[in-house]
Amino acid sequence: MKVTIFGIGYVGLVQAAVLAEVGHDVLCVDVDKHKVENLKKGVLSIYEPDLTSLVQQNYKAGRMKFTTDSQAGVKHGKIQFIAVGTPPDKDGSADLKYVTTVARTIAQHMNDHKIVLNKSTVPIGTADKVRAVIQDTLRSRNSTLTFDVVSNPEFLKEGAAVADCMRPERIVVGTDNEDVMELLRELYGPFNRNHDRMILMGTRSAELTKYAANCMLATKISFMNEISNLAELLGADVEKVRQGIGSDSRIGYSFIYPGCGYGGSCFPKDVQALIRTAEQIGYQPKLLQAVEAINYKQKDKLITFIHRYFGEDLSGKIFALWGLSFKPNTDDIREASSRVLMEALWQARAKIQAFDPKAMNEIQRIYGHRNDLQLVSTKEAALCGADALVICTEWQNFRAPDFNIIKSTLKQPVIFDGRNLYDPERLANCGFVYYGIGRGASLAFH
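Residues numbered from 1 in each chain as written. Predicted model: local features only at pLDDT ≥ 70, side-chain atom pairs only at ≥ 80, totals over all residues. Heavy atoms only, no water.

Asks: Before we move on, could you go through the environment of G323 and cite the residues and values that matter?
Replies: Relative to the elements of secondary structure, G323 occurs in the loop between β9 (318-322) and α14 (337-347). For G323, the residues in contact, after removing those within four places along its chain, are S338, F355, D356, C392, T393, W395 and F398. (Helix = DSSP H or I, 4+ residues; strand = E, 2+ residues; numbered from the N terminus. Contact = heavy atoms within 4.5 Å.)

Here it is in structure tokens:
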């Protein structure tokens, strides 16, 4: 099938590569000429496991092409994906200007029936707005061409997006047109073989499904962080509590890991956007407001521990920082807890020596070169001359370090662990001062 994808950021590029891999003819359109030229050379602006090789192979095979020519994009595909960004507006609501721009572009150049498939995360009612934009533009052309607008949200996890796209748990399709549904069954057929993963619903239900999914996951994280704060005050160990409740099949273990707050491009933005949507219709979403507030406060947890140990003035102190991305297996630092910590440390006049397997270029791009930030090539190099170690991201190669090296390299054997990677009792026996999240039972070891 011939498919056009507008927007080759994270969602669009992954979807395009996976569709091309199973044999579809995919044309990717983006306004960023530099990005398009780099993709033709096999150079990606984002890190995602297995994505680079997938893009390179399918571009070389001719199943995946890149262009800035929107007219060519509209002409190419019967199915037109909208996968552009929906950044938060000043009030936290999703900004739809890129979505509506693409919708208008499709309407300006289409010469036959098109299926406009919205992949971007958008507020409830956006499909209706897209439909109106296309209809108004066609009317201005005195055109009677027909089209369909479908909501088809993505459910990708950064760090596992290719696998999620290849083996989706569900394919949500918002449409009331049976012919469109059959066409999408053909499009997604290669990913829908051993059992039917397609769930049909209205466009508004599909749009709300996406927000509800991310808000539910964010709620689980904030709930567990709330419990971790109680555990700290009550002398309990939240890791034992996590195991105790996770063993209940009704709860499960996913997304109940306490830490120094969630980040990334999805959870913070989507929680905020659904809050704004609710408020616009006169409803106060108190649970979602609490989820957001708890997460905001949780990102100050590590700097609170650091001030508790070292005092308010951190002048002359150097902190080794392991982990900059908001989660492992990505270079995404949007809304990352590390950034909140770094900015707080700088405000207290401390210096940082940081290591991350993938995200250091992004940190350099955002913060530039500064005297109080040194990005180093290994996690061990970050320790040299540092007063303490701070962990913000649970990368795999941080989980079993050589604690003898850590202890002998740091000026003081102090670890502030924002992801509860280590056993407090073991570290206490090794002579460390250890601060974890919600490890109230280990307060005696602080």
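Asks: Just give me the short version of the sheet that holds strand β13 (residues 414-417), but keep the residues and values in it.
Replies: Across the sheet, six strands lie side by side as β11-β10-β9-β12-β13-β14; this open sheet has parallel pairing. Only two strands of the sheet have a single neighbouring strand rather than two, namely β11 (373-375) and β14 (433-435). When strand polarity is set aside, the average angle formed by the axes of neighbouring strands in this sheet is 20 degrees. As defined by bridge partners, strand β10 (residues 351-355) adjoins β11 across three bridges and the pair is classed as parallel. Residue pairing across strands places A354 opposite L375, the latter belonging to β11. (Pairing = 2+ DSSP bridges. Axes fitted to C-alpha atoms, helices over the stretch in contact; angles between N-to-C directions.)

Asks: Just give me the short version of the nonpolar core, but keep the residues and values in it.
Replies: Within the largest apolar cluster, 56 residues are counted, with the highest numbers of intra-cluster contacts made by I306 and F416. Core analysis: the second largest hydrophobic core is formed by 42 residues, V14, A20, V150 and C165 among them. (Core = buried A, V, L, I, M, F, W, Y, C linked by side-chain atoms within 4.5 Å. Buried < 20%, exposed > 50% of the residue type's maximum accessible area, 1.4 Å probe, protein only.)

Asks: Can you explain the pairing of strand β6 (residues 147-151)? Please cite residues and give values.
Replies: Counting buried positions along β6 gives five out of five residues, so the element sits mostly inside the fold. The alternating pattern of β6 places F147, V149 and S151 and D148 and V150 on opposite faces, both of which are buried. In this structure, strand β5 (residues 114-118) lies alongside β6, joined through five bridges in parallel fashion. Note that in β6 the partner of N118 across the bridge is S151. Once you follow β5 into helix α6 (residues 126-140) and on to β6, the crossover reads as right-handed. (Right-handed = clockwise from strand over helix to strand, strands pointing away.)

Asks: Pulling in residues and values, what's your account of the pairing of strand β2 (residues 25-29)?
Replies: When you tally the buried positions in β2, you get four out of five residues, the bulk of the element. Bridge analysis of strand β1 (residues 2-6) against β2 gives five bridges, and the strand direction is parallel. By the bridge assignment, F6 is partnered in β2 with V29. Once the chain exits β1 it traverses helix α1 (residues 10-21) before rejoining the sheet at β2, and the crossover so formed is right-handed.

Asks: Tell me about α6, and name the residues and values.
Replies: An α-helical segment advances 3.6 residues per turn. Residues three or four places apart therefore align on the same side. The terminal C-alpha atoms of α6 lie 21 Å apart, and with 15 residues this matches the ideal 21 Å at 1.5 Å per residue to within 8%. Within α6, burial applies to T126, A127, V130, V133, I134, T137 and L138. The buried residues of α6 occupy an angular sector of 125 degrees when projected down its axis, which confines them to one face. Looking at the buried positions of α6, the neighbouring elements they touch are α5 (97-109), β5, β6 and α9 (203-234). Positive phi appears at N142, one or two residues downstream of α6, with a value of about 55 degrees. (Expected span 1.5 Å × (residues − 1). Arc of directions from axis to C-beta.)

Asks: Summarise empty space enclosed by the protein; cite the residues concerned and give the values.
Replies: Enumeration according to the criterion identifies one cavity of 30 Å³ or more in this entry. Considered as a void within the structure, the largest cavity measures approximately 40 Å³ in volume. Forming the boundary of the largest cavity are N118, S120, T121, V122, S151, P153, E207 and K210. Its residues placed into classes, the lining of the largest cavity shows two nonpolar, four polar and two charged. (1 Å grid on protein atoms, 1.4 Å probe; cavity = no way out; pocket = protein on both sides within 12 Å on 5 of 7 lines; lining within 4 Å. Points joined across faces, edges and corners; volume = space filled by probe spheres on them. Nonpolar A, V, L, I, M, F, W, Y, C, P; charged D, E, K, R; others polar.)

Asks: Help me get a handle on unusual backbone geometry, residues and values and all.
Replies: In terms of backbone geometry, most residues other than glycine have negative phi values and most peptide bonds are trans. Notably, N329 is not glycine yet its phi reads approximately 65 degrees, a positive angle. Summarising the element assignment, N329 is placed in the loop between β9 and α14. Residue N329 is classed as partly exposed on the basis of its relative accessible area, which comes to 34%. Although it is not a glycine, E335 sits at a positive phi angle of roughly 60 degrees. Looking at E335, the relative accessible area reads 46%, which means it is partly exposed.

Asks: Tell me about helix α15 (residues 360-367), and please be specific about residues and values.
Replies: Within α15 the residues assigned to the buried category are M360, E362, I363 and Y367. Relative to the axis of α15, the buried residues are bounded by an arc of 155 degrees and lie together on one face. With respect to the buried face of α15, the exposed residues turned more than 90 degrees away are N361 and R365.

Asks: Help me get a handle on the pattern of salt bridges, residues and values and all.
Replies: Overall, the coordinates contain 26 salt bridges when judged by the stated rule. Measuring nitrogen to oxygen at the nearest pair gives 3.4 Å for the salt bridge that ties R276 to E279. With R276 and E279 both in helix α11 (residues 267-280), this residue pair falls three residues apart, about one helical turn. By relative accessible area, E279 is classed as partly exposed at 31%. Of the charged contacts, one joins R370 and D372 as a salt bridge, the two residues approaching to 2.6 Å between their closest N and O atoms. We classify R370 as partly exposed; its relative accessible area is 32%. One connected set of salt bridges, linked through shared partners, spans D128, R131 and R204. (Salt bridge = Lys/Arg side-chain N within 4 Å of Asp/Glu carboxyl O.)

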